[in-house]
Amino acid sequence: MRIVSGTRPTGKLHIGHYVGILENWVNLQNKGHETFYFVADWHALTTGYDDTSKLYEYSREIIRTFLAVGLDPKKSVMYVQSAIKEHAELQLLFNMFTSVPRLERIPTYKDMKQQLEGKDLTNAGFLTYPVLQAADILIYKATAVPVGEDQLSHVEITREIARRFNFLYGEVFPEPESLLSTFPKLLGTDGRKMSKSYGNIINIDNNETDLKNSIMPMITDPARQRKTDAGNPEICPVWDYHRAFGINEEQRDWVFSGCTQAKIGCVQCKKLLLENMLKVFEPIWENLCEIDKNKGYIDDVIVEGNSKARKIASSTMEEVRNSMNLKF
Ligand code: TRP
Ligand code: SF4
């Protein structure tokens, strides 16, 4: 498969990104698929055009995290959207035949407007966000796009755009399928949706002390006021974390029976979680240290990735222009 996916540089990536997205990206890379992973900086502008002061820093931070979690520049092409101007040209052409009412009906359009109330989202760039996403995907002729549930409608319109283009101008694009992340979204440490504004997130770039300070006060099954109260892991965010961070069979039984029969305390349960999380994150933290020591490494990766991406993007655009009779 040829796989393309992107992340918006709106801040540091957190453990929810790791579990839902990055871990999956690394697996796809290591299974030997052709993988293209990029920083969607133009997409970040669609909702944040008024403050670009952190855009550069956050974009480099995303590549830094990609590298730390195990994306390998020898296996995956890592690049920055705005460096590949062809994405914008393709979006412009796609905009010619994409219906505005169709864009207005995309669920994320309405949802984001509601969620980000008070923010100006009447800009054309925000409405045409999914068209840019379609260009991101189709310009590399991707056959599959790993996404979370919230992005399914964007892959759907990408398929429609590919079909429409092929019908109007001749067969250029494959219709990519979505690879839905199998793991449900991790909740924040307080049991609410993970969100910077709630202060309930845990960043990937962290350390043992801070991780401990986030995990130990986590909310649990509210029925367990004291150790002698039986609990139900199915309604406990700590249990969701356990499932995300490599709990083994034996530990699973220990938590399940211990919780439902009031034989273990939540503190014990969280200590085990912390141990398992350290096994996942300590190697990542070490990688971050190495990356930071190696001045210039991130930029080298970006320059090389951009150049590989650009080659493919410009060759697709040749085909696109030809098929649309844009021959000058
Ligand atoms: N919209 C995606 C998100 O918010 C980011 C993105 C931009 C993307 N272009 C893409 C994802 C292309 C997959 C493929 O997460
Ligand atoms: Fe949650 Fe574990 Fe406490 Fe059960 S024992 S309520 S799973 S933290």
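Up top is the structure these notes are about.
Draft legend 1. Quick look at the pairing of strand β2 (residues 34-39). β2 sits mainly inside the fold: five of its six residues count as buried. With helix α1 (residues 15-30) bridging strand β1 (residues 2-7) and the parallel β2, this β-α-β connection has right-handed handedness. Two strands pair when backbone bridges link them, and β2 and strand β3 (residues 76-80) are joined in this way by five bridges, in the parallel orientation. If you follow Phe36 over to β3, its bridge partner there is Val77.

Draft legend 2. The site of ligand 2, seen in detail. As a matter of local geometry, ligand 2 sits amid Thr220, Asp221, Arg224, Pro233, Cys236, Val238, Cys259, Cys266 and Cys269. A per-class count over the shell around ligand 2 returns six nonpolar, one polar and two charged.

Draft legend 3. Main features of the site of ligand 1. The immediate surroundings of ligand 1 are formed by Ser5, Gly6, Arg8, Phe38, Ala40, His43, Tyr129, Gln133, Asp136, Ile137, Val145 and Gln151. Within the side chain of Gln133, an N or O atom sits 3.0 Å from a nitrogen atom of ligand 1. Relative to its unbound accessible surface of 360 Å², ligand 1 loses 92% to contact with the protein. Only β1 and α8 (129-138) provide two or more residues apiece to the shell around ligand 1. No other element matches the four residues that α8 contributes to the shell around ligand 1. A per-class count over the shell around ligand 1 returns five nonpolar, five polar and two charged.

Draft legend 4. Expanded view of the packing of aromatic side chains. Per the stated rule, a full pass over the model turns up 18 aromatic pairs. When the centroid spacing of 4.3 Å and the interplanar angle of 0° are considered together, the rings of Trp25 and Tyr37 count as stacked. Highlighted residues: Trp25 in helix α1 and Tyr37 in strand β2, separated in sequence by 12 residues. The class of Trp25 is buried, set by a relative accessible area of 1%. Their ring planes at 65° and their centres at 5.9 Å tell us that Phe94 and Phe97 sit as a pair that is edge-to-face. Within this pair, Phe94 and its partner Phe97 are both found in helix α4 (residues 86-97), separated by three residues, close to a single helical turn. Phe94 gets classed as buried once you look at its relative accessible area, which sits at 0%. Using a relative accessible area of 13% as the deciding quantity, one classes Phe97 as buried. In textbook terms, an aromatic cluster arises when at least three aromatic residues are bridged by ring pairs, as seen for Tyr18, Tyr241, Phe245, Phe281 and Trp285.

Each value, and the rule that gives it
- Residues numbered from 1 in each chain as written.
- Chains lettered and ligands numbered in written order.
- Predicted model: local features only at pLDDT ≥ 70, side-chain atom pairs only at ≥ 80, totals over all residues.
- Heavy atoms only, no water.
- Buried < 20%, exposed > 50% of the residue type's maximum accessible area, 1.4 Å probe, protein only.
- Helix = DSSP H or I, 4+ residues; strand = E, 2+ residues; numbered from the N terminus.
- Right-handed = clockwise from strand over helix to strand, strands pointing away.
- Pairing = 2+ DSSP bridges.
- Near = heavy atom within 4 Å.
- Nonpolar A, V, L, I, M, F, W, Y, C, P; charged D, E, K, R; others polar.
- Polar contact = N/O pair within 3.5 Å; in protein donor to acceptor, adjacent residues only side chain to side chain.
- Areas by Shrake-Rupley, 256 points an atom, 1.4 Å probe, with all protein chains shown as cover.
- Phe/Tyr/Trp six-rings, centres within 6.5 Å; stacked < 30°, edge-to-face > 60°.

Functional significance is not addressed by these values, which are geometric in nature.
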